[in-house]
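# Geometric and topological summary
These are the residues of each chain, in order.
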2 protein chains.
Amino acid sequence: MQKITTADQLNSFVDSYDNFLFDCDGVLWEGSNVFPNVREAMQLLRTKGKRIFFVTNNSTKSREAYLDKFKKLDIEAHLDEIFSSAFATAAYLKNVVKFPADKKVYIVGMSGISEELKAEGIRSFGGVEDDGARSIDDITDDPEVGAVVMGLDVNISYYKYCKAFTFLHNHPERLFLLTNADSTFPTHGTLFPGAGAIASPLITALERKPDAILGKPAQNMLEAILAEYSLDPSKSCMIGDRLDTDIDFGNRGGLTTLCVLTGVTREDKLLSDSNPIKATFYIDSFGDFASLSGSALPN
Amino acid sequence: MQKITTADQLNSFVDSYDNFLFDCDGVLWEGSNVFPNVREAMQLLRTKGKRIFFVTNNSTKSREAYLDKFKKLDIEAHLDEIFSSAFATAAYLKNVVKFPADKKVYIVGMSGISEELKAEGIRSFGGVEDDGARSIDDITDDPEVGAVVMGLDVNISYYKYCKAFTFLHNHPERLFLLTNADSTFPTHGTLFPGAGAIASPLITALERKPDAILGKPAQNMLEAILAEYSLDPSKSCMIGDRLDTDIDFGNRGGLTTLCVLTGVTREDKLLSDSNPIKATFYIDSFGDFASLSGSALPN
């Protein structure tokens, strides 16, 4: 695992790849705080003609809403560059499961999931509609439910857990999908529980694992991107902050991987002998790419 | 494992023990619905001079509030007969941990925990005070926190998970206690996720197991009861509906165990070769004890 510390190393690294796939939270920003020099670094890659993709496990926003976030944060992005776990979940239900039209999906999660399902013509309920609902006495089974999709939900409630449990308990034929399994995510200058943590009450109470987990490191999104754009994995690099999602995702797909230290992974953990997931390269921050045309890395 | 099906078997069984320890939810009642013949069955045991104890993993109510529930449901009970996981948690912090007076406990759970902690003179915060709180931006560490106690909380929220996570993350010196690990509990004619399920996001996000789990099958409550009342385990029987809590609890303590089928355990699961936890006896329902002075079991 080589640390990129000089402008020469960085220029040589960037010259070796045509395509850069980015995780977003912890790489480009944290919440609504863009990390230093990220805008300049991204623009330099575009100037050099590199293809850019954003591959995020964040299921709380649809791709459209994600694009708005890029605009608001003044980072250039295009809709066809954005791949999210909510989109991957909708695509999986449509293309792999061929989810039947007479069934519907119960969502525990935020608007990203319902919007992506709607875009694929899949009926759903729950999600933000169930924010604030409390009366577990009213929960009954619904024979139209064909799947429960769970993602990060900052309005998670006992009601939602009970409802999802009711739909899946004694119903092994119904799909149980998880948008992503991140146990934490970086926000507010700290870490908070992620979708994988928030989903664990269902897994524990049902004694059942999800039938599929769609986010990184699952290969669905990578296969879709490589096929759609005819990319050569050997000319592609995945940039991320999480070893068990981003770096594992890139490694499994045969991509070069670059770990940044602006998110959940600390340098000592990355270099620890007990860490089973190694990146090809690592660097302090993606913002360091802003020195590409210069002669020294910032600070 | 012998099934008790006749009045003769039942009389012989009851005559063999002086002390009966009861689980409540799923044995005596479900929510506020008392199972048939439970009042008569309990009264018959008292008439025969048996000692009665109620040993519940339910941490949502204090013992005082639990006594009110017995009164409301018209089942005779006395405060010194009631042992709950919330009481066990408070007793553990006071007597085993000797929780320091300059520290306080953050609670994710309902009023039972805060009331029992208060009764033992232990400072706490959170719990029902945090119901409805939403703004995770305001969460900061508090150096006075010495422990986080988690129990079933029907007002669980992302805010509470984030706050508990903040207090425990990077603080291995702070205790992480779980009132009980029941993955489900019977209510509303169905099952819903229990304390063990609701606590799992913290366990997943922290990558840390609780330092102690106080409810059944942990032996804290049983040791307290046996010592306080000088009971002979060989003359004592634990009656419960859950194999992994009630029956395991009794078995570990050297008690005879009786599994009832009115709660989470079905007869086929109980008798399955894959079930590692066997009760000494089982019976359809505790209400069947109402036939003790008669000649045949009801229905």
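Residues numbered from 1 in each chain as written. Chains lettered and ligands numbered in written order. Predicted model: local features only at pLDDT ≥ 70, side-chain atom pairs only at ≥ 80, totals over all residues. Heavy atoms only, no water.

## Points about the relation of the copies chain B and chain A
Going by this rule: Least squares is the method for superposing the copies, and the C-alpha atoms it fits come from residues with pLDDT of at least 70 in both. Residue contacts are counted whenever heavy atoms from the two residues lie within 4.5 Å of one another.
With an axial shift of 0.0 Å and an RMSD of 0.0 Å, the rotation relating chain B to chain A amounts to 180°. Taken together, these values place the two copies in the relation of a two-fold axis. Same-surface contact between copies: 100% of interface residues of chain B are shared with the interface of chain A.

## Topic: helix H4 (residues 85-96) of chain B
All names here are of chain B. The line we're drawing: Working definition: with a 1.4 Å probe on protein chains only, accessible area under 20% of the residue-type maximum means buried, over 50% means exposed, and in between means partly exposed. Only DSSP runs of H or I covering at least 4 residues are called helices, and only runs of E covering at least 2 are called strands; the numbering of each starts at the N terminus.
Within H4, nine of the twelve residues are buried, which leaves the element mostly enclosed by the surrounding structure. Looking at H4, one finds that the buried residues are Ser85, Ala86, Phe87, Ala88, Thr89, Ala90, Ala91, Tyr92 and Leu93. Phi turns positive one or two residues past the end of H4, at lysine 98, with a value near 50°.

## Describing the UniProt feature "binding site: substrate" (unreviewed entry) in chain A
Residues and elements named next belong to chain A. Just so we agree on the cut-off: UniProt positions are given in the numbering used here, feature names are shortened, and annotations may be inferred rather than shown by experiment. Under the rule applied, a polar contact is a pair of N or O atoms within 3.5 Å (in protein, one hydrogen donor and one hydrogen acceptor; residues adjacent in sequence only if both atoms are side-chain atoms).
UniProt feature "binding site: substrate" (unreviewed entry): in the numbering of this structure it lies at Lys216. Checked against the element boundaries, lysine 216 lands in the loop between strand S13 (212-213) and helix H9 (220-229). Here lysine 216 falls in the buried class, since its relative accessible area comes to 1%. There is a polar contact of 2.6 Å between the side chain of lysine 216 and the backbone oxygen of valine 55.

## Observations concerning the sheet that holds strand S5 (residues 51-56) of chain A
Residue and element names in this part refer to chain A. For clarity, the threshold we go by: Strand pairing is assigned whenever DSSP detects at least two bridges linking the two strands. For helices, the fitted line uses only the C-alpha atoms of the stretch in contact; every axis is such a line through C-alpha atoms, and the angle between N-to-C directions lies from 0 to 180 degrees.
If you trace the seven strands from one edge of the open sheet to the other, you get S1-S16-S15-S14-S2-S5-S6, paired in parallel fashion. One side of each edge strand has no neighbouring strand; the edge strands of this open sheet are strand S1 (2-3) and strand S6 (82-84). Contacts from helix H2 (residues 38-47) reach strand S2 (19-22) and S5 within the one sheet, and its direction differs from that of S5 by about 135°. Of the strands in this sheet, S2, S5 and S6 touch H9, which is tilted by about 155° from S5.

## Quick look at the interface of chain B and chain A
Spelled out, the test is: As used here, buried area is the combined drop in accessible area, with a 1.4 Å probe, of two parts when they are placed together. Here, a salt bridge means any Lys or Arg side-chain nitrogen found within 4 Å of an Asp or Glu carboxyl oxygen. Basically, the charged four are Asp, Glu, Lys and Arg, the nonpolar ten are Ala, Val, Leu, Ile, Met, Phe, Trp, Tyr, Cys and Pro, and anything else, Gly included, counts as polar.
With 31 residues of chain B at the contact, the number on the chain A side is 31 residues. Of the roughly 2600 Å² buried between chain B and chain A, counting both surfaces, carbon and sulfur atoms make up 68%. Area buried by chain B at its contact with chain A is led by Tyr158(B), Phe192(B) and Pro193(B), which between them contribute 25% of it. For the pair chain B and chain A, the interface holds zero salt bridges. At the boundary of chain B and chain A, one finds seven residue pairs in polar contact (both at pLDDT 80 or more). Of all the secondary-structure elements, those providing two or more residues to the side of chain B that touches chain A are helix H6 (158-168), strand S11 (184-187), strand S12 (190-193), helix H7 (195-198) and helix H8 (200-206) of chain B. By residue number, the principal contributor to the side of chain B that touches chain A is H6(B), which donates five residues. Across the side of chain B that touches chain A, the residue classes break down as 17 nonpolar, ten polar and four charged.

## A look at the domain arrangement of chain A
Residues and elements named next belong to chain A. Rules: For the purposes of this description, domain bounds are those given by an automatic or database domain assignment.
Segmenting chain A into domains produces domain 1 (2-57 + 217-291) and domain 2 (87-213). Here domain 1 and domain 2 have C-alpha centroids that lie 29 Å from each other. Listed as interface residues are eleven residues of domain 1 and, on the opposing side, 14 residues of domain 2. Summing the contributions of domain 1 and of domain 2, the shared interface buries around 890 Å²; its carbon and sulfur component is 54%.

## Considering the environment of Arg63(B)
Residues and elements named next belong to chain B. Among the secondary structure elements, arginine 63 is positioned in helix H3 (residues 63-72). Remark: the alpha-carbon pair of arginine 63 and threonine 179, spanning 116 residues in sequence, is separated by 14 Å. Excluding residues within four positions of it along the chain, arginine 63 makes contact with Leu79, Ile82, Ser84, Phe87 and Glu116.

## Digging into the pattern of salt bridges
Residues and elements named next belong to chain B. Taken as a whole, this structure holds 37 salt bridges over all chains when the rule is applied. Of the charged contacts in the structure, one is a salt bridge between glutamate 120 and lysine 94, with a shortest N-O distance of 3.3 Å. Of the two residues, glutamate 120 sits in the loop between helix H5 (111-119) and strand S8 (124-126) while lysine 94 sits in helix H4, which places them 26 residues apart along the sequence. Owing to a relative accessible area of 42%, lysine 94 belongs among the partly exposed residues under this scheme. The shortest N-O distance in the salt bridge between aspartate 244 and arginine 242 comes to 3.1 Å. Using a relative accessible area of 38% as the deciding quantity, one classes aspartate 244 as partly exposed. Among the residues examined, arginine 242 registers a relative accessible area of 7% and is labelled buried. It is possible to trace a salt-bridge network through shared partners that takes in Lys104, Arg123, Asp142 and Glu144.

## A short note on the UniProt feature "binding site: Mg(2+)" (unreviewed entry) in chain A
All names here are of chain A. Taking the UniProt record as the reference, the feature "binding site: Mg(2+)" (unreviewed entry) is found at Asp23, Asp25 and Asp241. A compact arrangement is adopted by the annotated residues: their sequence extent is 219 residues, whereas the largest C-alpha distance between any two is 8.3 Å. Tracing the backbone shows aspartate 23 in the loop between S2 and strand S3 (29-30). Its relative accessible area of 6% is what places aspartate 23 among the buried residues. Contacts of aspartate 23, omitting those with residues within four sequence positions, involve Leu28, Val55, Thr56, Lys216, Met238, Ile239, Gly240, Asp241 and Asp246. Within the structure, aspartate 23 has its side chain in polar contact with the side chain of lysine 216 (distance 2.9 Å). Judged by relative accessible area, aspartate 241 falls into the buried class, the value being 1%. Aside from chain neighbours lying at most four places away, what touches aspartate 241 is Asp23, Asp25, Gly26, Val27, Pro186, Asp246, Cys259, Val260, Gly263, Val264 and Thr265.

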